[in-house]
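Close look at the chain arrangement
Listed below, chain by chain, are the residues.
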Amino acid sequence: MKRLFSWLLACVMILSLLPAVSAAEGGEVTPTVEVGWHFCAALDENGTVWTWGENDSGQLGDGTTESRWYAAPVPDLTDVVRIFAGTRHMMALKADGTLWAWGENNMGELGLGYQSVGDSTSVPTPQKVILPEGEHGGVADVAIANQSTVLVMEDGTVWGWGLIPRRYENRNDGEEELYHVHELDGCGVVCAEGQAVNGNRFLFLAGSGTPEDPSRLYGWGTGTSPNWQLTDEKFDDRIPKEIVFPGSGYITDLETSDGSVFAIAGGQETGIYIWGSNDSGQAGTGESSTEPLSAPHKLAGYHTSPPVQVSSVQGSIVALHEDGTLWLWGQDDILMPGSSYGDAMAPARLPIDHIVAVANRGTSTIALRQDGVVYSRGKNNYGMLGRPEEYGEFSDREFDLTKPVLKEDGSPLSLFAPSGQGYYLIRQLDPAQGCIEGSPSGSYQAGETVTLIARPWEGYRFMGWEAEGIALPDPGASTISFTMPAGDVTVTARFEKELPGMAGGGPFLEGAGTADPSAVPISTVEQLAA
């Protein structure tokens with residue numbers, strides 16, 4: 001889902017690879033992919049939503065409850081600019097500012113003003129959502145949990161309906177109102193955990209993740225264990241709670257899954273902070289434990305390109321990096337051939353590159369490549385692969401992310417048409433030592449000008465560039481420009497410490513899987529100051 005402005009700055013390298021096409025006068029569409037519980041969705045450059053997989057609650061939006069293996073457009077839904085997938089329901093924001101929803105509605109989570117009861121709780125076709133009255137501007141962001149939905153308006157106010165907002169208002173009378181969550185005004189919805197039966201958890205983020213405007217984190221929802229909230233205190237799950245820890249001010253993006261939290265940090269703290277459940281190796285340390293992580297652990301150093309997106313559910317984590325590579329760890333019942341479950345205790349690279357968007361839900365991974373084609377891996381018992389092979393079979397699965405999702409006529413699902421022959425630029429460095437500004441990693445035409453600027457963090461100095469695929473004119477200069485050749489190029493910035501023995505990495509020690517032993521869980525700003 002689209003994040004806060006600060007998140008957009010961090011992810012501009014990836015989003016720059018995607019065509020931003022005007023769907024209508026009111027907005028632009030960026031092609032992307034989403035995964036729900038046993039179903040998948042994609043948004044193409046024309047504002048058309050494609051769905052495939054399980055359809056028991058009408059989550060495919062085609063007017064039926066029949067599952068299918070092939071991707072097909074949602075009928076009578078046009079000019080969509082963003083999509084959001086929950087457990088068994090979906091939402092789509094159109095260019096005219098209206099929000100549309102379909103799928104399961106047993107708790108009123110679709111925001112239609114009523115709760116579906118009786119023999120069917122399904123709403124199998126898109127319906128217009130009731131938005132807050134008054135001058136709130138348009139919809140800025142949406143997060144969908146299992147039986148709850150929360151949205152942020154452009155004026156910063158936070159609203160919700162379904163199970164959690166109803167508890168927030170201490171209501172249990174069946175009134176499906178749109179509730180205003182005053183405590184969270186000014187935040188942006190970053191993510192929601194809703195793929196588990198008891199999953200109705202939200203994480204919010206405010207601030208830009210810089211020293212001048214540090215980030216602030218908030219958690220809200222049911223089933224939130226003390227480890228999830230980083231506090232030993234008993235709390236009322238109806239009320240949002242701030243989450244504070246050393247380094248939290250640098251967070252630019254968040255993801256949560258089954259009691260684990262994954263927070264992407266930028267700047268000199270570049271890496272992924274992880275806390276909560278580690279029973280399937282979610283921490284990426286090389287081992288699992290029934291004891292959850294009670295303090296944030298920083299995962300870094302396994303790759304030379306910064307992470308820009310984390311997608312996780314059921315203890316399975318996929319990270320998309322700036323250079324277009326995908327890394328997986330944690331529980332993955334499609335990783336190990338011949339095994340029902342296989343856990344990857346440390347990040348392992350998936351065999352595909354040049355990826356610009358990804359969605360992962362444990363049994364399914366969907367990736368959008370720079371050529372516009374959607375690829376899939378995982379189980380196909382409900383048709384999540386988007387291919388006819390093993391459709392309806394529970395035991396067979398596709399291990400490699402190398403085959404495309406298909407439409408009914410057997411052609412690959414393509415979300416945008418690439419403009420000419422593109423060649424890939426990959427930028428590499430140690431994110432703990434510095435950063436690269438200028439032209440982002442991604443696809444370029446031969447003859448385009450590329451400009452790169454190396455900036456060391458405090459305590460480091462720039463040592464020069466190394467390149468594959470091109471001869472750099474002045475590899476010792478911190479700013480370089482060159483013409484993109486007819487071939488892929490990899491450029492690496494080298495840094496070194498200015499002073500011998502200087503420790504880097506901020507509040508956590510450098511290196512993958514090494515947490516600062518002095519770090520303790522802190523739940524309030526007052527405790528942190530003390």
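Per-chain numbering applies: the sequence of each chain, read as written, is numbered from 1 onward. Given that the model is predicted, a residue must reach a pLDDT of at least 70 before its local features are reported, and side-chain atom pairs must reach 80 or more before they are shown or counted; all residues, however, enter totals for whole chains, interfaces and linings. Values reported for side chains reflect all heavy atoms of the structure, with hydrogen atoms and water molecules removed beforehand.

**Brief notes about the pattern of salt bridges**
Each salt bridge in this description consists of a side-chain nitrogen of Lys or Arg and a carboxyl oxygen of Asp or Glu lying within 4 Å of one another. Evaluated as defined, the whole model comprises 10 salt bridges. Arg68 is the salt-bridge partner of Asp62, the closest N and O atoms lying 3.4 Å from each other. Here's how the labels work: a residue is buried when its accessible area is under 20% of the maximum for its type, exposed when over 50%, partly exposed in between, all with a 1.4 Å probe on protein chains only. Residue Arg68 is classed as buried on the basis of its relative accessible area, which comes to 8%. Lys298 is paired through a salt bridge with Glu269; the nearest N and O atoms lie 3.6 Å apart. Here Lys298, found in strand S22 (residues 289-299), pairs with Glu269, found in the loop between strand S20 (260-265) and strand S21 (271-278); they are 29 residues apart in sequence, far enough to count as distant. For Lys298, a relative accessible area of 4% puts it in the buried group. Each member of the salt-bridge network shares a partner with another, and the members are Asp353, Arg369 and Asp371. Where helices and strands are cited, they refer to DSSP runs of H or I of at least four residues and of E of at least two residues respectively, numbered from the N terminus.

**Points about the confidence of the model for the protein chain**
Put simply, the protein chain has an average pLDDT of 79, and 77% of its residues get 70 or more. Within the model, the stretch residues 1-17 combines pLDDT values under 50 with 52 contacts to residues more than four positions away or in other chains. Here residues 502-530 is modelled with pLDDT under 50, and outside its nearest four sequence neighbours on either side it reaches 63 contacts, counting other chains as well. Scored from 0 to 100, pLDDT reflects the predictor's confidence in each residue. We call two residues contacting when some pair of their heavy atoms lies within 4.5 Å.

**Some remarks on the sheet that holds strand S32 (residues 434-438)**
An order of S32-S34-S36 is seen for the three strands of this open sheet, with the pairing classed as antiparallel. Each edge of the sheet is formed by a strand with only one pairing partner; in this case those strands are S32 and strand S36 (479-483). Neighbour-to-neighbour, the strand axes of the sheet open up by a mean angle of 25°, direction not taken into account. Taken together, the five bridges between S32 and strand S34 (residues 449-456) define a ladder with antiparallel strand orientation. For two strands to pair, DSSP has to find at least two bridges joining them. The axes are straight lines fitted to the C-alpha atoms, using for helices just the contacting stretch, and the angles between their N-to-C directions are given from 0 to 180°.

**A look at the packing of aromatic side chains**
Ring geometry is summarised as follows: Phe, Tyr and Trp rings, the Trp one being its six-membered ring, pair when their centres sit within 6.5 Å, and such pairs are stacked at plane angles under 30 degrees, edge-to-face over 60 and tilted between the two. Applying the stated criterion to the full structure yields eight aromatic pairs. Seen from their ring centres, Phe202 and Phe204 are 6.3 Å apart, and the 40° between their planes marks the pair as tilted. Here Phe202 matches Phe204 in class, with each residue buried. Among the aromatic residues, those joined into a cluster by ring pairs are Phe245, Tyr273 and Trp275. Look at NZ for Lys and CZ for Arg. If either is within 6 Å of the ring centre and within 35 degrees of the ring normal, a charge sits over the ring. Between the NZ or CZ atom of Arg68 and the centre of the ring of Tyr70, over which it lies, the distance is 5.7 Å.

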